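For reference, the chains in residue letters:
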Amino acid sequence: MTRVLYARPIKESLHLNLKSTVQKLKSNGVTPWLRVALVGDDPASQIYTKNKKKFIEGLGGKCDIVHIEEDITEQSFKAKIKSLSSEKGVHGFLIQLPLPKQLSHLDVGNLIPPSLDVDGLNSLNMGELLKGDMKGNFSCACTPKGIVTLLDYYDIPISGKNICIIGRSLIVGKPLSALLTNRSGTVTLCHSKTENLQYHTSNADIIIVAIGSPKFLKTHHLNPSKNQTIIDVGINKSKEGKLFGDVDFENVKESVAAITPVPGGVGPLTILSLAQNLLQAAEKTL
Ligand code: GUN
């Protein structure tokens, strides 16, 4: 019987703990404050940022979304980010991605001071991740951190396992490969130029798909004798507004041991990790 790995029980089990951390901070005069810069009016980004705000406020924290006009110049954008992120009392700052064309080449992580970088995209935070700071004294990219939270919650072993990641983005694939390597997984990082992808996926105990290509992973990639776990990072929207992932869920679900759904799988854990990073940043100011 295939296990469907939902985020909900994980969120429920950690919510109280996060709430009590916020209460402790508040009793010390610190209200954790996340500031989000949202450029333009991309509908998906509007929903994601609204969900982040709702979750942080639900814990008792503060979150403001600063809207920036779509056609802002690079120079004005950099000045704006500098001023927004230097306001006293802000503990975490993130620039919602993707950015409009004229800004899309920017190294956003390095526009933000490392201590506020709750997205884990600053070079310093990325470097700490690569060095394998197991104390977790830095902010780790949110989706990778959420995936490890999910694997741990469902007792899916990482150490010694063959893990195939498809997608080498800076926000998911690359930091995830470091995080899982630090946890002693044997990681293969595949991408659009990988030859014979099926060779790598069929050899994996865990397959993680993060390429933004709807229903990409199908049964021919799999090896049913390996009892594989499938983690779907994709969020794609059909013309009718239905959400689905990078995995063809209906096609593969009978051939695997465990699989995350879309929606309700990895997505909510990204926000949970963001809250964890924010609280850690706020605790450091005590
Ligand atoms: N857009 C989609 N996912 C993310 C994320 O984790 N962080 C930021 N900043 N933008 C995103």
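What comes next concerns the included structure.

Conventions adopted
Residues numbered from 1 in each chain as written. Predicted model: local features only at pLDDT ≥ 70, side-chain atom pairs only at ≥ 80, totals over all residues. Heavy atoms only, no water. Helix = DSSP H or I, 4+ residues; strand = E, 2+ residues; numbered from the N terminus. Rg over C-alpha atoms; globule rule 2.2 N^0.38 Å. Buried < 20%, exposed > 50% of the residue type's maximum accessible area, 1.4 Å probe, protein only. Contact = heavy atoms within 4.5 Å. Areas by Shrake-Rupley, 256 points an atom, 1.4 Å probe, with all protein chains shown as cover. Pairing = 2+ DSSP bridges. Patch = residues over 30% accessible without salt bridge, like charges linked within 9 Å, V, L, I, M, F, W, Y side chains within 5 Å. Salt bridge = Lys/Arg side-chain N within 4 Å of Asp/Glu carboxyl O. Lys, Arg positive; Asp, Glu negative; His and termini not counted. Charge placed at Lys NZ, Arg CZ, Asp CG, Glu CD. Axes fitted to C-alpha atoms, helices over the stretch in contact; angles between N-to-C directions. Near = heavy atom within 4 Å. Nonpolar A, V, L, I, M, F, W, Y, C, P; charged D, E, K, R; others polar. Phe/Tyr/Trp six-rings, centres within 6.5 Å; stacked < 30°, edge-to-face > 60°. Lys NZ or Arg CZ within 6 Å of the ring centre and 35° of its normal. Parallel < 35°, antiparallel > 145°, perpendicular 65-115°, else oblique. Left-handed = near helix turned anticlockwise from the far one by under 90°. Disulfide = S-S within 2.5 Å.

Quick notes on the overall build of the protein chain
A count of helical and extended segments in the protein chain gives nine helices and eleven strands. Against the 2.2 N^0.38 benchmark of 19 Å for 286 residues, the protein chain shows a C-alpha radius of gyration of 19 Å, consistent with a compact globule. Put simply, the protein chain has 286 residues, and 50% of those count as buried. Look at the contacts in the protein chain between residues 6 or more apart in sequence, and 71% of them connect residues 24 or more apart. Total accessible area on the protein chain stands at roughly 13900 Å², and carbon and sulfur atoms take up 52% of it.

Digging into the pairing of strand β7 (residues 206–209)
On a regular strand, each side chain points to the face opposite its neighbour's, so the side chains alternate between the two faces of the sheet. Residues Ile206 and Ile208 point to one face of β7 and Ile207 and Val209 to the other, with burial holding for every one of them. As paired elements, strand β5 (residues 162–166) and β7 share four bridges and run parallel to each other. Within β7, the position partnered with Cys164 by the bridge is Ile207. Bridge count for β7 against strand β8 (residues 229–232) is four bridges, and the pairing is parallel. Looking at the pairing, Val209 lines up with Asp232 of β8.

So, a negative patch on the surface
Where like charges cluster on the molecular surface, the negative patch consists of Asp41, Asp42, Glu69, Glu70 and Asp71. Positionally, Asp41 belongs in the loop between β2 (33–39) and α2 (43–58).

Notes on the sheet that holds β5
Reading across from one edge, β1-β11-β8-β7-β5-β6 is the order of the six strands in this open sheet, with parallel pairing throughout. Either end of the sheet is taken by a strand with one partner, and the two such strands are β1 (3–4) and β6 (186–190). Together, β7 and β8 form the strand contacts of helix α5 (residues 142–153), whose direction differs from that of β8 by roughly 150°. Sheet strands in contact with helix α6 (residues 173–182) are β5, β6 and β7, and its direction is about 170° off that of β6.

Some words on the site of the ligand
All residues adjacent to the ligand are Lys52, Leu94, Ile95, Gln96, Leu97, Asp119 and Ile171. Along the lines of polarity and charge, the residues of the shell around the ligand split into four nonpolar, one polar and two charged.

Brief notes about the environment of Ser213
Turning to its location among the elements, Ser213 is positioned in the loop between β7 and β8. Setting aside its immediate chain neighbours within four residues, Ser213 contacts Asn236, Gly245 and Asp246.

Thoughts on the packing of aromatic side chains
Throughout the structure, instances matching the rule amount to one aromatic pair. Ring geometry for Tyr153 against Tyr154: centres 5.0 Å apart, planes inclined by 80°, an arrangement best described as edge-to-face. On the accessibility criterion, Tyr153 (37% relative accessible area) is partly exposed. Above the face of the Phe244 ring, Lys215 is positioned so that its terminal group lies 5.2 Å from the ring centre.

Quick notes on α6
Burial analysis of α6 places eight of its ten residues in the buried class, the great majority of the element. The set of residues buried in α6 consists of Gly173, Pro175, Leu176, Ser177, Ala178, Leu179, Leu180 and Asn182. Structurally, α6 contributes buried residues whose contacts are with α4 (123–131), α5, β5, β6 and β7. Just beyond α6, the residue with positive phi is Ser184, at close to 70°.

With respect to the packing of α5 against α6
Between α5 and α6, the least distance of the axes is 9 Å, while the angle of their chain directions is 40°. In terms of orientation, α5 lies oblique with respect to α6. Crossing hand, α5 versus α6: right-handed. From α5, Pro144, Lys145, Ile147, Val148 and Leu151 reach across to α6, where they touch Pro175, Leu176, Leu179 and Leu180. Of the residues assigned to the contact of α5 with α6, the class counts are eight nonpolar, no polar and one charged.

A closer look at the state of the cysteines
Within this structure, the stated rule accounts for zero disulfides. With no disulfide partner, Cys63 has as its closest neighbouring cysteine sulfur the one in Cys142, 12 Å distant. By relative accessible area, which is 4% here, Cys63 ends up buried. Looking at the unpaired Cys142, the closest cysteine sulfur is the one in Cys140, lying at 7.9 Å. For Cys142, a relative accessible area of 4% gives the class buried.

Here we look at the pairing of strand β4 (residues 92–95)
With burial as the criterion, each face of β4 is covered, one bearing Gly92 and Leu94 and the other bearing Phe93 and Ile95. Note that β2 and β4 share four bridges and pair parallel. Across the sheet, Val36 pairs through a bridge with Leu94, a residue of β4.

Remember that the coordinates give geometry; whether it matters functionally is a separate question.
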